[in-house]
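Examining the three-dimensional arrangement
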Amino acid sequence: QVQLVESGGGLVQAGGSLRLSCAASGSTLSLNTMNWYRQAPGNEREWVAAITRAGSTNYADSVKGRFTISRDNAKNTVYLQMNSLKSEDTAVYYCRTYGTRPSGTRYDYWGQGTQVTISS
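In this report, the structure presented in the accompanying data block is examined. (Residues numbered from 1 in each chain as written. Predicted model: local features only at pLDDT ≥ 70, side-chain atom pairs only at ≥ 80, totals over all residues. Heavy atoms only, no water.)

1. Considerations on the nonpolar core
Short version of the rule: Each nonpolar core is a collection of buried residues, namely Ala, Val, Leu, Ile, Met, Phe, Trp, Tyr and Cys, held together in the definition by side-chain atoms within 4.5 Å. For every residue, the accessible area (1.4 Å probe, protein chains only) is compared with the maximum for its type, and the residue is labelled buried under 20%, exposed over 50%, or partly exposed between those bounds. Note on conventions: DSSP H or I runs of at least 4 residues are helices, E runs of at least 2 residues are strands, and numbering of each starts at the N terminus. Should any heavy atoms of two residues lie within 4.5 Å, those residues are considered in contact.
Trp36, Leu80, Met82 and Tyr93 are the most contacted members of the largest nonpolar core, which has 30 residues in total. Broken down by element, this core gets its largest block of residues, 4 residues, from strand β3 (residues 18-26). Once residues lying within four places of it in the same chain are set aside, the contact partners of Met82 are Gly16, Ser17, Leu18, Leu20, Arg66, Phe67, Tyr93 and Val116.

2. Things to note about the pairing of strand β8 (residues 77-82)
For clarity, the cut-off: Here, a strand pair is defined by DSSP locating no fewer than two bridges between the strands.
For β8, the buried fraction is high: 5 of the 6 residues fall into the buried class. When β3 meets β8, the two strands line up antiparallel, connected through 6 bridges. Its bridge partner lying in β8, Cys22 is registered against Val78. Summarising the sheet, strand β7 (residues 67-72) and β8 pair through 6 bridges and their orientation is antiparallel. Within β8, the residue paired with Ser70 across the bridge is Tyr79.

3. A few points about the state of the cysteines
Put simply, the rule is: Here, two cysteine sulfur atoms that lie within 2.5 Å of each other are counted as a disulfide.
As enumerated under the stated definition, the model contains 1 disulfide in all. Each sulfur of the disulfide joining Cys22 and Cys95 lies 2.2 Å from the other. On the sign convention where negative means left-handed, the S-S torsion of about -80° between Cys22 and Cys95 marks this disulfide as left-handed. Placement of Cys22 in strand β3 and of Cys95 in strand β9 (residues 91-100) is noted, with a sequence separation of 73 residues between them. Relative accessible area serves as the criterion here: at 0%, Cys95 is assigned to the buried category.

4. As for the environment of Ser119
With respect to the secondary-structure elements, Ser119 resides in strand β11 (residues 114-119). Separated by 28 residues in sequence, Ser119 and Ala91 have C-alpha atoms that sit 12 Å apart. Every residue in contact with Ser119, bar those within four places of it in the chain, is listed here: Leu11, Val12, Gln13 and Ala14.

5. Looking at the pattern of salt bridges
The criterion, for reference: A pair is scored as a salt bridge if a Lys or Arg side-chain nitrogen falls within 4 Å of a carboxyl oxygen belonging to Asp or Glu.
Within the structure shown, the criterion is met by 5 salt bridges. Linking Asp61 and Lys64 is a salt bridge whose minimum nitrogen-to-oxygen distance equals 3.2 Å. Using a relative accessible area of 65% as the deciding quantity, one classes Asp61 as exposed. Residues joined in a network through salt bridges with shared partners are Arg38, Glu46, Arg66 and Asp89.

6. Quick word on the sheet that holds strand β1 (residues 2-7)
Formally: Each axis is a line fitted through C-alpha atoms, and for a helix only the stretch in contact is used; angles between axes span 0 to 180 degrees, taken between their N-to-C directions.
Taken together, the 4 strands give an open sheet; going across it, the order is β1-β3-β8-β7, and neighbouring strands pair in antiparallel fashion. Single-partner strands in this sheet number two, and they are β1 and β7. Direction aside, neighbouring strands of the sheet carry axes that sit 15° apart on average.

Spelled out as C-alpha cells, the structure:
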C-alpha cells in the first residue's frame, strides 16, 4: 500500500505563486511516474503534470511555462511549483501514481487533494 498526502494549497492573488508537495509513504520503492491532477468545481478532473523517476517531465498546455514539477526520490516527495497563477487555476489539486510493479502487480493511488484558490 502507498499513501499520498498533499500539502501547500491555499488562497493567493492572481499572479502569485504556490508550491504544492505530495509525500508518499508505504511501499514506495518501485513507484515510477508521479502525476498532478486538478479538478475545478463543475469540471472533470484533468491531468496537469507528470515526472518520471529519472526526472523527465511533461505538462498540460494550460500550465506549460508557469508550473514546474520536481521530485526528491530520497524524500519520496513530488512538488508542483505554480507561478503566474490565474483564476482558472482554482481547483483541488491531487497527486496520483499508477503503473505496474516489477512483480507485475498494478497499482493506482491518489492523494486526498489540496485546495488552491486564486483571487482576482
